[in-house]
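A structural walkthrough
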Amino acid sequence: MKKLIALLLAMVMVFGLVACGNNASNAPETTAPAGNDTVVENNEPAPATGAEIVLVTNGPQSTVDDRGFNQLSWEGIQAYVAETGKTANYYLPVETSTASYIQCIDTAIKEGAKVIVCSGFLMSGCVYECQKNYPDVKFILIDATPASEETGEVLVAENTLAMTFAEDQSGFLAGYAAVYEGY
């Protein structure tokens, strides 16, 4: 019985770590944005949304159905919005770059966003800059900390929540369970 429990625990932990990864071959195909997608083109403002809470995805192919942090973040935002009656939207940057992320954040704030959610380490540079430029806006950075791209300086301002996960702990437990059982 102990072996079965240890093996199941190890499998659950491994599947949990795999689910956190973003494998492009498993990602769903994406097409032109539709519905609630808001793409910020170069120097063109996005349509007015007036959303109070905005998710900025970490790239044009990282939609809210990517089976990763973007999807989980969007589902969490939707649950919060359902409970509180607030409004939400998400923005897909046109490219994977800090400038494109900042452009999305700027547009969202001009449209009335009070909370900006960004997911992934790719967003750390833009949140580092924007948290200083918009002290009245709250930033939530998932699985990263705000850091300067030039100097590497880490700064989590008072208006920012940097959520990081201890992946090493689940990996340790999975490895321990496997070794304990003789694998």
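Before reading on, note that the structure itself is shown above.
Cut-offs and rules
Residues numbered from 1 in each chain as written. Predicted model: local features only at pLDDT ≥ 70, side-chain atom pairs only at ≥ 80, totals over all residues. Heavy atoms only, no water. Helix = DSSP H or I, 4+ residues; strand = E, 2+ residues; numbered from the N terminus. Contact = heavy atoms within 4.5 Å. Areas by Shrake-Rupley, 256 points an atom, 1.4 Å probe, with all protein chains shown as cover. Buried < 20%, exposed > 50% of the residue type's maximum accessible area, 1.4 Å probe, protein only. Expected span 1.5 Å × (residues − 1). Pairing = 2+ DSSP bridges. Right-handed = clockwise from strand over helix to strand, strands pointing away. Polar contact = N/O pair within 3.5 Å; in protein donor to acceptor, adjacent residues only side chain to side chain.

On to the overall build of the protein. On a plain count of helices and strands, the protein comes out with five helices and six strands. Reading the helices (α) and strands (β) of the protein from amino to carboxyl end gives α-β-β-α-β-α-β-α-β-β-α. A sequence separation of at least 24 residues applies to 59% of the contacts in the protein between residues at least 6 apart. In the structure as shown, the protein presents an accessible area of about 10,600 Å², 58% of it carried by carbon and sulfur atoms.

Attention now moves to the environment of Ala162. Here Ala162 is to be found in strand 6 (residues 160-163). Ala162 gets classed as partly exposed once you look at its relative accessible area, which sits at 23%. Sequence-distant contacts of Ala162, that is, excluding residues within four places in its chain, are made with Leu141, Ala144, Thr145, Pro146 and Val156.

Now for helix 3 (residues 98-110). The end-to-end C-alpha distance of helix 3 is 18 Å, a good match for the 18 Å that 13 residues give at a rise of 1.5 Å each. Within helix 3 the residues assigned to the buried category are Thr98, Ser100, Tyr101, Gln103, Cys104, Ile105, Thr107, Ala108 and Ile109.

What follows covers the pairing of strand 4 (residues 115-119). For strand 4, a buried count of four out of five residues is recorded, marking the element as mostly surrounded by other parts of the structure. Both strand 2 (residues 53-56) and strand 4 contribute to a ladder of four bridges, which runs parallel. Bridged to Val54 within strand 4 is Ile116. Following the chain from strand 4 across helix 4 (residues 124-133) to the adjacent parallel strand 5 (residues 138-142), one finds a crossover that is right-handed.

Another aspect to go through is the pairing of strand 5. Where strand 4 meets strand 5, five bridges bridge the pair, whose relative direction is parallel. Directly across from Val115, in strand 5, lies its bridge partner Lys138. Summarising the sheet, strand 5 and strand 6 pair through four bridges and their orientation is parallel. Residue pairing in the sheet places Leu141 in a bridge with Ala162 of strand 6.

Right, let's get into the side chain of Ser119. Inspection of the secondary structure puts Ser119 in strand 4. With a relative accessible area of 0%, Ser119 lands in the buried category. Here the side chain of Ser119 touches Asn70 through a polar contact of 2.7 Å, side chain to side chain. Each residue touching Ser119, except ones within four places of it in the same chain, is listed here: Leu55, Val56, Asn58, Phe69, Asn70, Ser73 and Ile142.

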